[in-house]
Each structure stands twice: as structure tokens, then as C-alpha cells.
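Summary of the model geometry
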Amino acid sequence: MKKLIVIGAGMASGRMLEHLLEQGGDWDVTLFNAEPRGCYNRIMLSPVLSGEKTYDEIVTHDADWYEAQGITCRFGEKVAQIDRTAQTVTAENGDVLGYDKLVIATGSAPFIIPMPGHDLEGVIAYRDLEDTQRMMSLGKGNKAVVIGGGLLGLEAAAGMQARGVDVTVVHLMGHLMERQLDEAAGYLLRKELVGRGINVLVSTNSKEIVGQDGHVKALRLENGTELPCDLLVMAVGIRPSIALGKDAGLAVGRGIHVDDQMLTSDANILAVGECIEHDGAVFGLVAPLYDQAKVAAKTLMGEDAQFVQRDVSTKLKVTGCDLFSAGDFAEGEDREDIVFRDPARGVYKRLVLQDNKLIGAVMYGDTADGNWFFGLIKDGTDVSDMRDTLIFGPAYQGGAAADPLSAVAALPDDAEICGCNGVCKGTIVQAINGGAQDLPSLKACTKASASCGTCTGLVEQLLEVTLGDAYAAPAAQSVCGCTDLTHEDVRRLIKSQELKSQPAVWQELGWNTPNGCHVCRPAVNFYLLADWPLEYQDDPQSRFVNERKHANIQKDGTFSVVPRMWGGITNPAELRAIADAADKYNVPTVKVTGGQRIDLLGVKGEDLPYIWADLNRAGLVSGHAYSKGLRTVKTCVGTDHCRFGTQDSTGLGIKLEQALWGSWTPHKVKLAVSGCPRNCAEATCKDVGVICVDSGYQVSVGGAAGMDLKETERLVDVATEQEAIDVTVAFVQLYRENAKYLDRPYKWLAKVGLDWVKERIADVDERARLIAAFELSQTIYRKDPWAEGAAKPRAFAALADLTLEAAE
Amino acid sequence: MSWIDIAAITDIPLRGARVVKTPLGCVGLFRTAEAEVFAASNTCPHKGGPLSEGIVHGQSVTCPLHNWVFDLNTGQAQGADTGQIQTYPVRLEGGRILLDGAAFAKRSAA
């Protein structure tokens, strides 16, 4: 009888022994296991945690089973050493056992981030029954934090939440389960979990674990936030347990190297399960482990078998979260995507095709066809014949294509369509059904789209949805190829559906690309930022380079740096600092701009943080000469020095600039204040121009001196400086809330009409609301981006320099 | 192949890019999805725009100077524009980005 020693009693080892015994081999088996028990189905721990199963139900091989098979079990005992020459293993207690064949199935160990506090009592992984029991001991009134938004972390969170625990998930990456899901599916999953009351933080760094009397008390995040908790679960990944094999001198990489027969570099030693590395891959899901078990059993029997890595599918074991992922769903060369989104049902499906074969599938919300798709992937079926209907699944019976109008159709009856006149969807649909079947008659009977007109597109879509083919809508220009919606529709829907992130917009509004393009992303980023200043986090990667780098890119790839000079005023100290910076950073050109500032042209990208730091030290901040935001407020000298000046135009210019700086707008915004009608500051061709007169201030808007030349039109005359400032701020906010991205105010005014703007500004309540909304946004955005950038110069430098390495 | 460890994937912002200096000039490392990185020339063949400063979308990047769009898989310009940028082998291993040093050493040695 040949002696077989197996180290580890996990799922791979259990399945291997089963196969081996089925085949009737004559073996004397000794089984070591560090855990004091036999084999249980580890992947079913989540249903145990959530209370859907008991531990007894998930045991696959208990002590009785091993005994019945004649296997000697050494549970709760570790192997201390393997001696390959002598073909023996030494147990912890010193026993030495000889073997003919040895199987290493030591599995993997959870990875614990070595952050401060990781060794506190109450910080656990999610790996075995003990961890599960710790989580099960919590209940209502307890708080838990889970670090890691992957499969295990989410199952832990959902399981504890089901027990009434107040759970927060902290995830480093931008969306949940990023290894299995794309952004859109990750967004839907997060929405579901948040809806259940689980707090989910993505793109979030943990800093340290705070303890009290040796027990975990809270998790402190990098931004300083503290999340109090009674238990902290780290579910950030696993590492193959290779120490035993490595010490024995076996070839190891990330795992113990094995060939297709599951043999290690020693022909008498096999390895299976999560501890191995096969052809560069390590394993964490159960399907390949079972394949390996089968191959290892055959190899032991001297039969020919080969382990082949194959696609695996994933499901999240959280009740009610329908999620499926299989194969390779990354985009790639020669790959095509078929994307289906049904915002109303919260359904998202994405199929990835290559060479007429399905190679990947991600599904959320409706996963009924998951196994059918998985079958197509595994079998490498040619799908060219069913391509058109593939995404609808096997039961497709010739239904209609996805409706591009579904976003409008999905709006509830009480959704406000026309904000100016407070008309909701139900009223409009009622009017259409009552006979108002075109835009003019709808305007006449409901007042919808009869004021500013930005909801016109939406009203037309309602006509289309309600009347179907009977209505032919005039073609409206969509934002870009990623969507059929117009800018106005997108703005309206972001507000009415309270969409507060870019993935939310892509999913709910049915974007047909994975994450937009260079045309729509900056627009959507601005709309979200303008509508939800407190909730939305600005996305620098959706900004044009100038705004991302806080400097203007020039044709040779260098940048121009323009410090702010409030109202065009400077002093010798500032000028000296600018001159010194120009010297120090070899600025080839120093120019006075059209907006009365000084432009340092030709600065290298990696020098930006340093020149900013120098300028900051002299009290200068970013002039935002690069932004879709407030640029400059040009002024004349006003009453201070001019014999004609009627008011303190310079002082007003400075006050306006200090009120408006840092704000983001649909396009650049330029202001000027002239002290008298001689208009030395050229206020009549700016977005907002103020002319000071004896009786007060003439505020005019909508001028331009770029591609188009346009004189401003009078908005209002006011008596006091404060009123002039209020009117200007209210106007800018109205523009921020309503204009299409990249429309200067004059273009927006041409669409909505000056009269409508005048009405809004004249309305005392509305003016106050606009000013308050602007100020709220400014509490976040009125800050110097240069100071932030100067603090992290590494972000502006090259990631690495290979010129030196290659030369060696 | 001689793989060189460059940096962690998280050193590049999601849907962003960073450059690596090489003997053949600056090479852009472009991060598209959560765990997907491409390496390609940083220089637009049109007017030399720095592609790493462009907006990264899908598996493409748009040049910040004149909006030429390049497929990061093939390096081919998209749409009506014609041209190509050099692409380079890049690997991800355990969250680390690896570049093939040989791809950059070859021509400089010649």
C-alpha cells in the first residue's frame, strides 16, 4: 500500500480525495489540517452569515466520512517541515511520517493591510468559520466597517446588514467589484446596496484603525473622517500559502508552481487549490479548484490528465442582487460590445464579442440568461447568426428594439418638465391625450416650454412617447455620438432624476459607450458639479488639459501661467516675484494679456507646481486664465485718479472678482467695469459689463469679442454697488444653471431671450435664491488650485525615467 | 522581453495618463478601465500634441491640441483622420505596471 500524505482539508483536497477513492486506488492516506475540522464549503459561509443556511448544512466531509474511508486525520495539526530527500514530513509535535506521494493543499491566507491598528482586537478577515461567527455575534445597535468592495467584502456587508448591523463598506477603487464588473454594473450594485441601508464609500483610502483599550473603535480615512465600529472586517484579497513548499525548495512564484498534471517541481509532490500557480495564474474561485482536484487524482493513479484553465463565472451571493459576470469583459482589439440598458428596470447587460464568438458577459438586474451566455462562452459557439438578437437571450421571440425614448417614458407623472411654469409630466400627457398634439398648442394650453424654452426637447419627446408614430419630432442635436439626448435634456434629467454621478448619468440616460467621450464627459462633469455642488465630486479626468493642469497648453506642449491680479491691480512686490519666477523657470515670453494680467508663456509641465509655489509665496494665486469659469474683471482707474470717473470702478472690479473667482461656468466668463461712459475698460463687449454713471451702475450682459462680435444689452440699472454685485452674481448663477456647456452667455441669451432673464433677476426671491445657490457652490470651489497642485509635484512629473536604465 | 516595474496602477488616475521618459522619447501610460493600462507614444503625429494630457475614454485618447482620437490598442487614428502612434507592450501584475525595457533599448543601441 502506497503512503499518501495530504496537507490541508479544504475544498480542493476534499474533492481530490473523493475522486481518488472512487477510482479505488490502494492508498494509506494521512490528512493534516490546521483548522480543527474537516472540509466544509467555504463559499457558502455567506449564506451562513446572513442566516439562510446553518454551518451543518455546508459541511461536505466530516470526521465520520474520513473515518469511513480509512483516512487518518490529524485535525488541528500543522506540518512543520517537508524533507524531500528522505520523503518525510514532520508534524508540529515532532512526529516524522514517510510518504510515497505528497499533496500540498494549503490554500491561501487572507491579506491583511499592515496599516496602523491592524492587530487590534476586533479586526478580522473573512475567511473561516471563526470569522463568520464573529460577524454573527453582532446585531442591532452594532456598527461594522468592511474594507474591500469585492465579492467577499460585499457578502460580509450584506450578511451583517441583514442582521441589523449598521455597515459601511470602504473601497479603494472607483466602483464595486471592479474585477468582475464594469463601471455601469458597479454603479447599479452600489445603488442597490445603498438602498438597503449599507453605507458605501468608493475611491476611498483608509489611513489607520483607531483603537481603545486594545479593541477596535473606528476606522480613520485619509480625508480625516472617522467611521466608528465594533468590528472591522478586512476583505481585500487572499495570498497563496506557499511557505511550506518554498521552505522545502519547491519552485514557487506567487503560488507553488505546478504543471498541467498538478505536479510541482518535485515529481513526488503534487499541489492543488489556492496555494498553486499554474501558467502564471492563481485561483480564488471554486470551479478551477475542482478541475485541479480531478486532475491530481488521475495523476496519482498514473492516468493521463491535463488541467486546462477555463472561463469562470461569478455570482454575488447576496439575496436580491442579481449580478452575473463571466469571461473576459474588457474591451480590446477586434472586440465589440453589445450594451443593453433599461434604466426603468435597473437592468444592464453587456456582451463582449470577438471573432463572432462570445468571450465575456456582465449582467445586472436580469441575469436569467447568464448560464446560457456562459455556455456560449465555454463552448466557443459561433454567434454570427443570432448576433442581432443575442442580447435578448435564448427566449427571444422577435420583440422590439430598445426604445431610445425610454428615459422620458420612465419619468414619473409628477416629474417637473417645465421649471419656469411648474408643469409636470402628467399635465402635459393629459393635454396631449386631450387633443393638444403639437408644440404650439401644448404651449398654449399648458404653458410648458412657453418661457425659457430649454424644456422644448423634453416636451417634444413626450409628444413622441405619447403619440408614437403619429408625431414626427424635429431633429434635435444630441450632445455627441454617445447619446441621443440633447444638452438641455441631459441637464433636465440630471435635475429631475437626481443623478449625482457620471456612471449614474451613463446608466440612467442610456449612454451607448462605456464611459462617454471627450465631448460629453466635460459637459456632464460640469452639469453635475453645477447642480450638486455638495454631493458630486469633480472629476479632473473629465476636464480639458488646461483645467486639469490649471495652466494653458501651448502649441509646443508647454504651458502659460497667469497669476491673478485682482481688478488688474498689482504692486512692485508682486511684479518682482513674477520677474524672479520668469528668470528661475526660463520663461521665454512675458506678455500682458487682453484682460490686464501678466502671462508667463513657455513653462514646462513638470515645473508648474514649483513656479506656482514661488508665486503663492508672494501672495499670488491662480488667475484661472485656462478655465471655463471666471477669467478676469478688467477695470479703469475710476474716481481714484481719473478726472472723469464717476464711481470707484477699480474697487467694484476687485469686489466682483473676489465674489466670482474659482467658480466653474458653461464657458469662460469675462467681466469689465468702466468708471464712465468713455468705457476705457471696454465693458460693452464682455459677458457682464458695468458702466459707472453719476446715478449708479448700468449692468449689461451678453457681449462678445471672440468668434462673434457683439455689444452687450442692458440688463438693469441699479443705484448701489452692492446691487450691482448682486445682479451680476445672480446672472452668472442663472447662466450656470441653465446654459448648454460651451455656450457663452450671448449664445444662451439668444435661446432663452433677455426678457426671461430680466424677469428672473427682477424677482426678489429668485434673485436671493440664485445668490444663495452660487455662494453655496463657492464654499467648495472658491479656492486656489495652484496651492493644491504645488503640494503634490510628483503628480506633474514623469512616472519613471528609463533613459538612465537603458543606457547602463 | 525584460519587464521593468514602473509604478502601481493607482499612480495613474482612473481614465487618466502619466508619462515615462525613455530613450525613444516620452511614452504615455494610459489607464482606461479600473485595471487596464496601455502604453503608447505620447506624441500626436498631427502637430505633436502631448497625448497623455488628453481625455481618455473607452480604449481611446483624444489629443488635447486638435481632438484627434487614437485607438490605444492599435495606435490608429479614428474617424476621418489618418495616422498612427507607436504602441508598446505593457503588463499588469498584482497592481504593478510592467514595461518591456527591450522595446525601448533596441533602437537606442543601434
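Here the structure is a predicted model, which means the values were calculated and not measured.

Examining the overall build of chain B
On a plain count of helices and strands, chain B comes out with one helix and 10 strands. Tracing chain B from N to C terminus, the helices and strands come up as β-β-β-β-β-β-β-β-β-β-α. Looking at chain B residue by residue over its 110 residues, the buried ones come to 56%. If you take every contact in chain B between residues at least 6 apart in sequence, the share linking residues at least 24 apart comes to 41%.

A word on the side chain of Glu36 of chain B
With respect to the secondary-structure elements, Glu36 of chain B resides in the loop between β3 (25-31) and β4 (37-41). Buried and unpaired, Glu36 of chain B has Arg335 of chain A as its nearest opposite-charge partner, separated by 6.4 Å. For Glu36 of chain B, the side chain forms a polar contact with the side chain of Thr32 of chain B, separated by 2.4 Å. Within the structure, the side chain of Glu36 of chain B is placed 2.9 Å from the side chain of Gln59 of chain B, a separation counted as a polar contact. Setting aside anything within four residues of it in sequence, one finds Glu36 of chain B in contact with Ala330 and Glu331 of chain A together with Ile9, Phe30, Arg31, Gln59 and Leu92 of chain B.

Focus: the side chain of Lys634 of chain A
Residue and element names in this part refer to chain A. Relative to the helices and strands, Lys634 resides in strand β34 (residues 630-635). The buried category is assigned to Lys634, whose relative accessible area is 11%. Looking at Lys634, its side chain comes within polar contact range of the side chain of Glu682, at 2.9 Å.

Details of the confidence of the model for chain A
For chain A, the mean per-residue pLDDT works out to 89, and 96% of the residues sit at or above 70. Contacts of residues 397-404 of chain A to residues separated by more than four positions or lying in other chains number three contacts, the stretch itself having pLDDT below 50.

Describing the packing of aromatic side chains
Using the criterion set out here, one finds 13 aromatic pairs over all chains in the structure. Aromatic side chains Phe731 of chain A and Trp748 of chain A sit 6.0 Å apart centroid to centroid with 55° between the ring planes, which places their arrangement in the tilted category. Of this pair, Phe731 of chain A sits in helix α22 (residues 721-738) while Trp748 of chain A sits in helix α23 (residues 745-752), placing them 17 residues apart in sequence. Neither Phe731 of chain A nor Trp748 of chain A differs from the other in exposure class; each is buried. On the numbers, 6.4 Å between centres and 35° between planes, the contact of Trp68 of chain B with Phe70 of chain B is tilted. For Phe70 of chain B, a relative accessible area of 0% puts it in the buried group. Each residue in the set Trp65, Tyr66 and Phe75 of chain A is aromatic and connected to the rest through ring pairs, giving one cluster. The ring of Trp664 of chain A carries Arg543 of chain A above its face, with NZ or CZ at 3.7 Å from the centroid.

Notes on the interface of chain B and chain A
Between chain B and chain A, the residue contacts involve 39 residues of the former and 41 residues of the latter. Interface area, chain B with chain A, both sides summed: about 3,200 Å², of which 59% is carbon and sulfur. Counting every contact that joins chain B to chain A gives two salt bridges. Salt-bridge contacts for Glu53 of chain B lead to Lys549 of chain A; the nearest nitrogen and oxygen are separated by 2.7 Å. Our count for the chain B to chain A interface comes out at 13 residue pairs in polar contact (both at pLDDT 80 or more). Listing elements by their share of the side of chain B that touches chain A, those giving two or more residues are β1 (3-8), β2 (16-22), β3 and β5 (55-57) of chain B. Top element by residues in the side of chain B that touches chain A is β2 of chain B. It accounts for six residues. By residue class, the composition of the side of chain B that touches chain A is 18 nonpolar, 12 polar and nine charged. One ladder, built from two bridges, connects strand β41 (residues 800-801) of chain A with β2 of chain B; its direction is parallel. Within β2 of chain B, the position partnered with Ala800 of chain A by the bridge is Val20 of chain B.

A few points about unusual backbone geometry
All names here are of chain A. Residues other than glycine seldom take positive phi values, yet Met177 does so here, at roughly 50°. The topology assignment puts Met177 in the loop between β13 (166-170) and α7 (183-195). The residue Asp213 is not glycine, and still its phi comes out positive at about 50°. Along the chain, Asp213 falls in the loop between β15 (206-212) and β16 (215-221). Taking relative accessible area as the criterion, Asp213 reaches 79% and is therefore assigned exposed.

Looking at the sheet that holds strand β7 (residues 69-71) of chain B
Residues and elements named next belong to chain B. Pairing within the open sheet is antiparallel, and its three strands lie in the order β5-β6-β7. The open sheet has two edge strands with one neighbour each: β5 and β7. Each neighbouring strand pair of the sheet contributes to a mean axis angle of 25°, computed without reference to strand direction. Sheet topology note: the strand β6 (residues 60-62)/β7 ladder contains three bridges and is antiparallel.

Examining the pairing of strand β32 (residues 589-592) of chain A
All names here are of chain A. In this sheet, strand β33 (residues 598-603) lies alongside β32 in antiparallel orientation, the contact comprising four bridges. The residue of β33 that forms the bridge with Val590 is Leu600. In sequence, β32 turns back onto β33 through a hairpin of five residues, with Gln596 there showing a positive phi of about 65°.

Notes on the sheet that holds strand β27 (residues 357-364) of chain A
Residues and elements named next belong to chain A. The strand order across the open sheet formed by five strands is β23-β24-β27-β26-β25, and the pairing between neighbours is antiparallel. Two strands lie at the open edges of the sheet, namely β23 (313-315) and β25 (335-342), each paired on one side alone. The sheet shows a mean angle of 15° between the axes of neighbouring strands, taken without regard to direction. Across the sheet, α7 is in contact with β24 (323-327), β25, β26 (347-354) and β27; its angle to β27 comes to roughly 25°.

Observations concerning the packing of α22 of chain A against helix α25 (residues 764-781) of chain A
Residues and elements named next belong to chain A. Two numbers describe how α22 lies on α25: the axes approach to 8 Å, and their chain directions differ by 75°. When the axes of α22 and α25 are compared, the pair comes out roughly perpendicular. Every residue of α25 that contacts α22 at Asp726, Val727, Val729, Ala730, Val732, Gln733, Leu734, Arg736 and Glu737 is listed here: Glu766, Arg767, Arg769, Leu770, Ile771, Ala773, Phe774 and Ser777.

A few points about helix α19 (residues 572-584) of chain A
All names here are of chain A. For α19, which comprises 13 residues, the first-to-last C-alpha distance of 18 Å matches the rise-based estimate of 18 Å (1.5 Å per residue) to within 8%. Listed as buried for α19 are Glu574, Ala577, Ile578, Ala581 and Ala582. Seen end-on, α19 carries its buried residues on one side only, within an arc spanning 135°. Exposed residues pointing more than 90 degrees away from the buried face of α19 are listed as Pro572, Arg576, Asp583 and Lys584. Elements in contact with the buried residues of α19: β32, β33 and α20 (608-617).

Parameters at a glance
Residues numbered from 1 in each chain as written. Chains lettered and ligands numbered in written order. Predicted model: local features only at pLDDT ≥ 70, side-chain atom pairs only at ≥ 80, totals over all residues. Heavy atoms only, no water. Helix = DSSP H or I, 4+ residues; strand = E, 2+ residues; numbered from the N terminus. Buried < 20%, exposed > 50% of the residue type's maximum accessible area, 1.4 Å probe, protein only. Contact = heavy atoms within 4.5 Å. Lys, Arg positive; Asp, Glu negative; His and termini not counted. Salt bridge = Lys/Arg side-chain N within 4 Å of Asp/Glu carboxyl O. Polar contact = N/O pair within 3.5 Å; in protein donor to acceptor, adjacent residues only side chain to side chain. pLDDT = per-residue confidence, 0-100. Phe/Tyr/Trp six-rings, centres within 6.5 Å; stacked < 30°, edge-to-face > 60°. Lys NZ or Arg CZ within 6 Å of the ring centre and 35° of its normal. Buried area = accessible area lost by both parts, 1.4 Å probe. Nonpolar A, V, L, I, M, F, W, Y, C, P; charged D, E, K, R; others polar. Pairing = 2+ DSSP bridges. Axes fitted to C-alpha atoms, helices over the stretch in contact; angles between N-to-C directions. Parallel < 35°, antiparallel > 145°, perpendicular 65-115°, else oblique. Expected span 1.5 Å × (residues − 1). Arc of directions from axis to C-beta.

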